[in-house]
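Chain residues, written in single-letter form:
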Amino acid sequence: MSRLGVFPIPCEFKSEDKWFRYFNRKQALVLVICGIIDYRVIMSATTKGLLIPTLILMLLFTMTAMGIVMIRLPVDALFLSGGGITIDQLLMRMLYRLLHREIYTKNYQKEEGL
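Residues numbered from 1 in each chain as written. Predicted model: local features only at pLDDT ≥ 70, side-chain atom pairs only at ≥ 80, totals over all residues. Heavy atoms only, no water.

**Student:** Residues and numbers for the overall build of the protein, please.
**Tutor:** Helix and strand counts for the protein stand at four helices and zero strands. Its helices and strands in sequence order give the protein the pattern α-α-α-α, from N to C terminus. Out of the 114 residues belonging to the protein, those deemed buried represent 18%. Here the contacts in the protein between residues at least 6 apart in sequence split such that 30% fall between residues at least 24 apart. Carbon and sulfur atoms make up 66% of the accessible area of the protein, which amounts to about 10700 Å² in all. (Helix = DSSP H or I, 4+ residues; strand = E, 2+ residues; numbered from the N terminus. Buried < 20%, exposed > 50% of the residue type's maximum accessible area, 1.4 Å probe, protein only. Contact = heavy atoms within 4.5 Å. Areas by Shrake-Rupley, 256 points an atom, 1.4 Å probe, with all protein chains shown as cover.)

So this is what it looks like as structure tokens:
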């Protein structure tokens, strides 16, 4: 009863809240990079007469890249393997675990001189 009418003061808006209504920084950066790559590839394909297949290919490339950055994994089904994170974060975790696979044992040191 004593907390009736007592509310925490909201924090200040982040720059993502102020400037990015639809995308966060990472998603906007991926979109800009994909746009630059798309433009360069389409301009080079135009000179060779392959505009339509290149447009289709670049559209699929951009949709795949943005999907990897934007789609979040469901929390209910994948809570042990990273529910709530995006697919790119999951791929980076899997790649890191694949490259840095080590078994640690307590108080184990390699003996020198053998």
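**Student:** Explain the confidence of the model for the protein residue by residue, including any values.
**Tutor:** Predicted confidence across the protein gives a mean pLDDT of 81, with 72% of residues reaching 70 or more. The least confident element of the protein is helix H1 (residues 15-19), whose mean pLDDT is 58; the most confident is helix H3 (residues 51-70), at 94. (pLDDT = per-residue confidence, 0-100.)

**Student:** Just give me the short version of the nonpolar core, but keep the residues and values in it.
**Tutor:** Residues Val 30, Cys 34, Ala 65, Met 66 and Val 69 constitute the largest nonpolar core, which totals five residues. For this core, the elements supplying multiple residues, two or more each, are helix H2 (25-48) and H3. When residues of this core are assigned to their parent elements, the largest contribution, three residues, is made by H3. Apart from the residues lying within four places of it in its own chain, the contact partners of Val 30 are Ala 65, Met 66 and Val 69. (Core = buried A, V, L, I, M, F, W, Y, C linked by side-chain atoms within 4.5 Å.)

**Student:** Which residues make up the packing of H2 against H3, and what values do they have?
**Tutor:** Interaxial distance between H2 and H3 falls to 10 Å at its minimum, and their mutual angle equals 170°. The orientation of H2 relative to H3 falls into the category roughly antiparallel. Our pair here, H2 against H3, has a crossing hand that is right-handed. Where H2 abuts H3, its residues Lys 26, Gln 27, Val 30, Leu 31, Cys 34, Ile 37, Asp 38, Val 41, Ile 42, Ala 45 and Thr 46 lie against Leu 51, Thr 54, Leu 55, Met 58, Phe 61, Thr 62, Ala 65, Met 66, Val 69 and Met 70. Grouping the amino acids of the contact of H2 with H3 by side-chain chemistry returns 15 nonpolar, four polar and two charged. (Axes fitted to C-alpha atoms, helices over the stretch in contact; angles between N-to-C directions. Parallel < 35°, antiparallel > 145°, perpendicular 65-115°, else oblique. Left-handed = near helix turned anticlockwise from the far one by under 90°. Nonpolar A, V, L, I, M, F, W, Y, C, P; charged D, E, K, R; others polar.)

**Student:** An account of the side chain of Asp 88 is needed here, citing residue identities and associated values.
**Tutor:** Considering the arrangement of structural elements, one finds Asp 88 in helix H4 (residues 87-99). Within the structure, Asp 88 has its side chain in polar contact with the side chain of Thr 86 (distance 2.3 Å). Setting aside anything within four residues of it in sequence, one finds Asp 88 in contact with Lys 26, Ile 68 and Val 69. (Polar contact = N/O pair within 3.5 Å; in protein donor to acceptor, adjacent residues only side chain to side chain.)

**Student:** If you had to explain a nonpolar patch on the surface to someone new, which residues and values would you point to?
**Tutor:** Nonpolar side chains collect at one region of the surface, where Tyr 22, Phe 23, Leu 31, Met 70 and Ile 71 lie side by side and expose about 490 Å² of accessible area between them. Here Phe 23 shows up in the loop between H1 and H2. (Patch = residues over 30% accessible without salt bridge, like charges linked within 9 Å, V, L, I, M, F, W, Y side chains within 5 Å. Salt bridge = Lys/Arg side-chain N within 4 Å of Asp/Glu carboxyl O.)

**Student:** Help me get a handle on the packing of H3 against H4, residues and values and all.
**Tutor:** Where H3 meets H4, the closest approach of the two axes is 5 Å, and the angle between their N-to-C directions is 80°. With respect to each other, H3 and H4 are oriented roughly perpendicular. On H4, the residues touching Gly 67, Ile 68 and Val 69 of H3 are Ile 87, Asp 88 and Leu 91. Per-class residue counts for the contact of H3 with H4 are four nonpolar, one polar and one charged.

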